[in-house]
Amino acid sequence: MKSKIALITGATSGIGKATATLFAHHGVSLILCGRRQDRLDAIASELQKNTNVHTLTFDVRDKETVFEKIQNLPKQFSEIDILINNAGNAHGLDSIQDGNVDDWDAMLDINVKGLLYVSKAVLPIFLAKKSGHIINIGSTAGKEVYPNGNVYCASKHAVDAINQGMRIDLNGKGIKVGAINPGLVATEFSEVRFKGDTERAEKVYQGFSPLQPEDIADIIWFAVTRPPHVNIADLTVMCLAQASSTIVNKN
Ligand code: NDP
Ligand code: 8X3
């Protein structure tokens, strides 16, 4: 794995940052993406102790910049082997009748269209060398809709469909495609969903032991280190206390 190059979107926090840290530990060269330049710089400076790191600062909604930056990577980083489509968030938790249309735009533009733009920019590299691995970060919300989850759940159901569609269309081209679908993971996810209401965000993970971002990073590492003929197509993971999108055993 030391000769491999991985591009990770949403590497400034949570699952993406934990994955970057684990990959760096194993010597995988990294292209780390996110909007927050200061965080990318700090993470890069830490991980550069273990591996080569290049950062790309962009909003995945900004299609021109996504293509421009990925198409103009320095030679040392241009032959990407692994794409982790992780960038995304929920915005709001409201009924369909009370939902904010700007939140809807953000979730569909980031979680669905942003994932498509990054994939479309990376795919020519994979197709040219007839190899590559795409890991799409879906969610239990992409398997089961929960109350007030409407558009976030729709965005993750779309990721589920895109994951299947990618695997079908890329079949026979040497490219692995698979989704990891986490349940509740204690990251900045709820902080973003509740727009900085830390108290409300913390409550989401109280009374039980949620997944940690490192748990998901471990599973991603497992997926990318399978033998060449093995593809993890779709994997759902929850913490012990969680049984479904709506059933969580809290103390
Ligand atoms: P975090 O909020 O901790 O991380 C989200 C990451 O996405 C950040 O690095 C953020 O970077 C990046 N991001 C968000 N919006 C954009 C944007 N417009 N352009 C570029 N990057 C963006 O949350 P998680 O680590 O939990 O989330 C990662 C993925 O995991 C998401 O797809 C989420 O839906 C999914 N997921 C999370 C679960 C959970 O319970 N936490 C469960 C199931 C799935 P920056 O702000 O610097 O741009
Ligand atoms: C994130 C998990 O249950 O908050 O996708 O939607 S959940």
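Predicted model only: the values in this text are computed from it and were never measured.

Student: What's the story with the packing of helix α5 (residues 101-129) against helix α6 (residues 150-169) in this structure? I'm lost.
Tutor: Helix packing for two helices is described by the angle between their axes and how far apart those axes are. Two elements in contact, α5 and α6, have axes separated by 9 Å at closest approach and are oriented at 10°. The angle between the axes of α5 and α6 places the two elements in the roughly parallel class. Classified by chirality, the crossing of α6 by α5 is right-handed. Together, Trp104, Met107, Leu108, Asn111, Val112, Leu115 and Leu116 of α5 and Val151, Tyr152, Ser155, Lys156, Ala158, Val159 and Ile162 of α6 make up the contact between the two elements. Taken together, the residues of the contact of α5 with α6 break down into 11 nonpolar, two polar and one charged.

Student: Even after reading the chapter, I still don't get the environment of Phe58, so can you show me in this structure?
Tutor: Tracing the backbone through its elements, the reader meets Phe58 in the loop between β3 (53-57) and α3 (63-71). Residue classification places Phe58 among the buried positions, given that 22 C-beta atoms sit within 10 Å. Taking the C-alpha atoms as reference points, Phe58 and His229, separated by 171 residues in sequence, lie 34 Å from one another. Not counting residues up to four positions away in its chain, the partners in contact with Phe58 are Cys33, Thr65, Val66 and Lys69.

Student: Teacher, can you tell me more about the environment of Ile5 here?
Tutor: Checked against the element boundaries, Ile5 lands in strand β1 (residues 5-8). Residue classification places Ile5 among the buried residues on the basis of 22 C-beta atoms within 10 Å. When the C-alpha atoms of Ile5 and Ser78 are compared, they prove to be 8.4 Å apart, with 73 residues separating the residues in sequence.

Definitions and cut-offs
Residues numbered from 1 in each chain as written. Chains lettered and ligands numbered in written order. Predicted model: local features only at pLDDT ≥ 70, side-chain atom pairs only at ≥ 80, totals over all residues. Axes fitted to C-alpha atoms, helices over the stretch in contact; angles between N-to-C directions. Helix = DSSP H or I, 4+ residues; strand = E, 2+ residues; numbered from the N terminus. Parallel < 35°, antiparallel > 145°, perpendicular 65-115°, else oblique. Left-handed = near helix turned anticlockwise from the far one by under 90°. Contact = placed C-beta atoms within 7 Å. Nonpolar A, V, L, I, M, F, W, Y, C, P; charged D, E, K, R; others polar. Buried ≥ 20, exposed ≤ 12 C-beta atoms within 10 Å, placed from the backbone.

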